[in-house]
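Remarks on the overall topology
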Amino acid sequence: MNERADHRPEEVVYQDDGAIGRYASSVPRTFVGGLEIPALTRQQIAGMLLDEAILRRGRKVPCLYLSTANGQVISMCARDQKVHRLFQCADGINADGMSVVFASRWLTNVGLPERVATTDMFHDAAKQAQERGASFYFLGAKEDMNRRAVEQIRQMYPKLRIAGRRNGYFSEADEPAIVADINQAQPDVLWLGLGVPRQQQFAVRHRANLTGVGAIQTCGGLFDFVSGKNSRAPMWMQQAGLEWAYRLMLEPRRLFLRYAFTNVHAIAVMLTKTRHQGAD
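To start, this report covers the structure provided alongside it. (Residues numbered from 1 in each chain as written. Predicted model: local features only at pLDDT ≥ 70, side-chain atom pairs only at ≥ 80, totals over all residues. Heavy atoms only, no water.)

The next thing to look at is the overall build of the chain. A tally of helices and strands in the chain yields 13 helices and eight strands. Contacts in the chain between residues far apart in sequence, at least 24 positions, make up 77% of those at least 6 positions apart. For the chain, the exposed surface amounts to about 12800 Å²; the carbon and sulfur share of it is 51%. (Helix = DSSP H or I, 4+ residues; strand = E, 2+ residues; numbered from the N terminus. Contact = heavy atoms within 4.5 Å. Areas by Shrake-Rupley, 256 points an atom, 1.4 Å probe, with all protein chains shown as cover.)

In structure tokens, the structure reads:
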């Protein structure tokens, strides 16, 4: 393995004391809608992701697994225990939706400092990765979207080490070969964009075998946004928790029924399955 820089920016909260996985028990967390969410900023999450990934280099140990939660995820977890268990297996679940942030502030004693949208956190991580010589692998989306996204990433972050990429269209029978290819590439972070719950299933099924990987970060539609296929909502809508409304406006036929049920159900779940830290 090539020798790489291991500089740690000031924003990083995790410090390497030789203990892999310290993140899992060392950071403050809040409990929203049946899921534990780390109470960290976006920059801190990005720094921690790289810290944990770099710490695993060459150790041949299971990789870190981070996922994300928004209203849709909370609704899905409440309706399907198999999906809930996939998220419970994660070392950390970031608040990808403002509804999760609002619920933590209104209903718990450990309010989240901000939303950690993966589409934004990716750029924080990419900037730090350039400085620290970390490498990324991108798995997910259609072939043209994946290729275009990686091309955009190369332009935005020319010093970023890209270990490899692959589209997300494959069968379960193809997965051993894909895992072997990723291990051979030895990326510090695998960005996994297969959609919920398929990306979580892949992570849980293979994390023990992905010993050439430092960390998995599930990323949903990241490739569609980075490639330019999908646009983000205006900042005021993001901050008000209305990004779903922007997406509904763009794709009303596809999203109306989903949001009509999911949003109401997610609110009900957060009201009934959110608790103070330390409560039974």
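Continuing now.
Here the focus is the side chain of Glu-243. Locating Glu-243 in the fold gives a position in helix H12 (residues 243–250). Look at Glu-243 and you get buried, because its relative accessible area is 6%. Polar side-chain contacts of Glu-243 include one of 2.9 Å to the side chain of Arg-115. (Buried < 20%, exposed > 50% of the residue type's maximum accessible area, 1.4 Å probe, protein only. Polar contact = N/O pair within 3.5 Å; in protein donor to acceptor, adjacent residues only side chain to side chain.)

Contact geometry of helix H2 (residues 42–55) with helix H6 (residues 118–132) gives a least axis separation of 9 Å together with a crossing angle of 50°. When the axes of H2 and H6 are compared, the pair comes out oblique. Both H2 and H6 take part in a crossing whose hand is right-handed. Across the interface between the two elements, Arg-42, Gln-43, Ile-45, Ala-46, Gly-47, Leu-49, Leu-50, Asp-51 and Ile-54 from H2 touch Asp-120, Met-121, Asp-124, Ala-125, Gln-128, Ala-129 and Arg-132 from H6. (Axes fitted to C-alpha atoms, helices over the stretch in contact; angles between N-to-C directions. Parallel < 35°, antiparallel > 145°, perpendicular 65-115°, else oblique. Left-handed = near helix turned anticlockwise from the far one by under 90°.)

Turning to the nonpolar core, a few remarks are in order. Counting residues in each nonpolar core, the largest one holds 39 residues, and the members touching the most others are Leu-35, Ile-37, Leu-139, Ile-182, Leu-190, Phe-202 and Leu-210. Core analysis: the next-biggest nonpolar cluster, separate from the first, contains 34 residues, Ala-53, Met-121, Tyr-157 and Phe-223 among them. (Core = buried A, V, L, I, M, F, W, Y, C linked by side-chain atoms within 4.5 Å.)

Pairing of side chains with opposite charge becomes possible as their charged atoms draw close. On inspection of all chains with the given rule, the structure shows ten salt bridges. Between Glu-151 and Arg-147 there is a salt bridge; the shortest N-O distance is 3.5 Å. Separated by four residues within a single helix, Glu-151 and Arg-147 lie in helix H7 (residues 143–156), roughly one turn from each other. In this structure Glu-151 comes out as partly exposed when scored by relative accessible area, which is 38%. The partner of Arg-205 in a salt bridge is Glu-175, with the nearest N and O atoms 3.0 Å apart. Placement of the pair is Arg-205 in helix H9 (residues 198–206) and Glu-175 in helix H8 (residues 175–185), with a sequence separation of 30 residues. (Salt bridge = Lys/Arg side-chain N within 4 Å of Asp/Glu carboxyl O.)

Spatially, six strands are ordered S4-S3-S8-S7-S5-S6 in an open sheet, and the strand pairing comes out parallel. Strands at the two margins of the open sheet, each flanked by one partner only, are strand S4 (92–95) and strand S6 (161–166). Averaged over all adjacent pairs, the angle separating strand axes in this sheet is 20°, with direction ignored. Of the strands in this sheet, strand S5 (135–140) and S6 are in contact with H7, which crosses S6 at around 170°. (Pairing = 2+ DSSP bridges.)

Before going further, it helps to examine the packing of aromatic side chains. All chains considered together, the criterion is met by eight aromatic pairs. Centroid distance Phe-122 to Phe-136: 6.0 Å. Interplanar angle 50°. Geometry classified as tilted. Taken together, the positions of Phe-122 in helix H6 and Phe-136 in strand S5 put the pair 14 residues apart, joining distant regions of the chain. Pair check on accessibility: Phe-122 and Phe-136 agree, each one buried. The interplanar angle of 65° and the centroid separation of 6.0 Å between the aromatic rings of Phe-122 and Phe-138 together place this pair among those described as edge-to-face. Within this pair, whereas Phe-122 is found in helix H6, its partner Phe-138 is found in strand S5, the two being separated by 16 residues in sequence. Here Phe-122 falls in the buried class, since its relative accessible area comes to 0%. One aromatic cluster is present, built from ring pairs that chain together Phe-122, Phe-136, Phe-138, Trp-191 and Phe-223. Positioned above the aromatic ring of Phe-170 is the side chain of Arg-198, whose terminal nitrogen or guanidinium carbon lies 4.5 Å from the ring centre. Taking NZ or CZ as reference, Arg-275 lies 3.7 Å from the ring centre of Phe-31, over its face. (Phe/Tyr/Trp six-rings, centres within 6.5 Å; stacked < 30°, edge-to-face > 60°. Lys NZ or Arg CZ within 6 Å of the ring centre and 35° of its normal.)

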